[in-house]
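Structure at a glance
Each chain, letter by letter, is given below.
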Amino acid sequence: MNSLFPQEKIAFDVPDAEIEYYPNFFSQHRANELFEKLKSEIPWQHDNITLFGKTYLQPRLTALFGNEGKSYSYSNIVMQPHSWNPLLLFIKNEIEEICAENFTTVLLNYYRDGKDSNGWHADNEKELGRNPVIASVSFGAERMFHLQHNTIKEQKLKIKLEHGSLLIMKGATQHFWKHQIPKTSKTIGPRINLTFRIIK
């Protein structure tokens, strides 16, 4: 673990979801180091995305790493994984200590500024199976993470994802909730987010 002290954990009491947040999962110094390495060492790609018959450049850069042969598809994009590298294996191992899971894949998102975003969606692709565990670690500029229940409209949650933080979504979360990282007009720096998942 990152320190001799137990991790600070915030558990959110909302229906049909299990959501935990560790604000200081990585120390400031370690988070700074990992952010710079991720920015420079990951082979970032800029894919087209097709929504409602129109094709656009995705409003962020992405990369996929994982076990051999485990491709991942969303929004008509099929991504083939790069092989795990030491940097990502280090982060994966740290997260697996808390989650007690064995993740097969990580999807990385690079938000270059406040204009980059990720629209409403759930991580409910069939290859993730039932009740998937999604572990999301954030580096760089803080961004707001919005969650909304699919049928209970007044059930909403906003979490500020801090530099070096870990968010875990598990249980029925992906079946009952959707989430987004909205655009912001504030002048903010880049953010890199890694979402670890298990492809069946």
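No experiment lies behind these values; they were computed from the predicted model shown.

**Re the environment of Thr 184**
Looking at the element boundaries, Thr 184 is found in the loop between strand 14 (177-181) and strand 15 (191-197). Along the chain, Thr 184 and Gly 114 lie 70 residues apart, while their C-alpha atoms are 4.8 Å from each other. Beyond its immediate chain neighbours, meaning those up to four positions away, Thr 184 contacts Gly 114, Lys 115 and Arg 143. Among the polar contacts made by the side chain of Thr 184, one reaches the main-chain amide nitrogen of Lys 186 at a distance of 3.2 Å.

**Looking at the pairing of strand 8 (residues 105-111)**
Buried residues dominate strand 8, accounting for 7 of its 7 residues. Neither face of strand 8 is left uncovered, since the one carrying Thr 105, Leu 107, Asn 109 and Tyr 111 and the one carrying Val 106, Leu 108 and Tyr 110 both have all their residues buried. Note that strand 5 (residues 61-66) and strand 8 share 6 bridges and pair antiparallel. If you follow Thr 62 over to strand 8, its bridge partner there is Asn 109. Pairing between strand 8 and strand 15: 7 bridges, direction antiparallel. Within strand 15, the residue paired with Tyr 111 across the bridge is Arg 191.

**So, the side chain of Thr 104**
Among the structural elements, Thr 104 can be located in the loop between helix 2 (86-99) and strand 8. Judged by its relative accessible area of 10%, Thr 104 falls in the buried class. Sequence-distant contacts of Thr 104, defined by excluding residues within four places in its chain, comprise Phe 65, Gly 66, Asn 67, Trp 84, Arg 197, Ile 198 and Ile 199.

**Focus on the packing of helix 1 (residues 28-41) against helix 2**
Their axes nearest at 11 Å, the elements helix 1 and helix 2 cross at an angle of 140°. One finds that helix 1 runs oblique with respect to helix 2. Handedness of the helix 1/helix 2 crossing: left-handed. Each of Arg 30, Leu 34, Lys 37, Leu 38 and Glu 41 in helix 1 lies in contact with helix 2, whose residues at this interface are Leu 87, Leu 88, Phe 90 and Ile 91.

**Let's talk about the pairing of strand 3 (residues 48-51)**
Taken together, the 4 bridges between strand 3 and strand 4 (residues 54-57) define a ladder with antiparallel strand orientation. Paired with Thr 50 across the strands is Thr 55, a residue of strand 4. Counted along the chain from strand 3 to the antiparallel partner strand 4, the turn is 2 residues long, and its residue Phe 52 has a positive phi close to 50°.

Basis of the calculations
- Residues numbered from 1 in each chain as written.
- Predicted model: local features only at pLDDT ≥ 70, side-chain atom pairs only at ≥ 80, totals over all residues.
- Heavy atoms only, no water.
- Helix = DSSP H or I, 4+ residues; strand = E, 2+ residues; numbered from the N terminus.
- Contact = heavy atoms within 4.5 Å.
- Polar contact = N/O pair within 3.5 Å; in protein donor to acceptor, adjacent residues only side chain to side chain.
- Buried < 20%, exposed > 50% of the residue type's maximum accessible area, 1.4 Å probe, protein only.
- Pairing = 2+ DSSP bridges.
- Axes fitted to C-alpha atoms, helices over the stretch in contact; angles between N-to-C directions.
- Parallel < 35°, antiparallel > 145°, perpendicular 65-115°, else oblique.
- Left-handed = near helix turned anticlockwise from the far one by under 90°.

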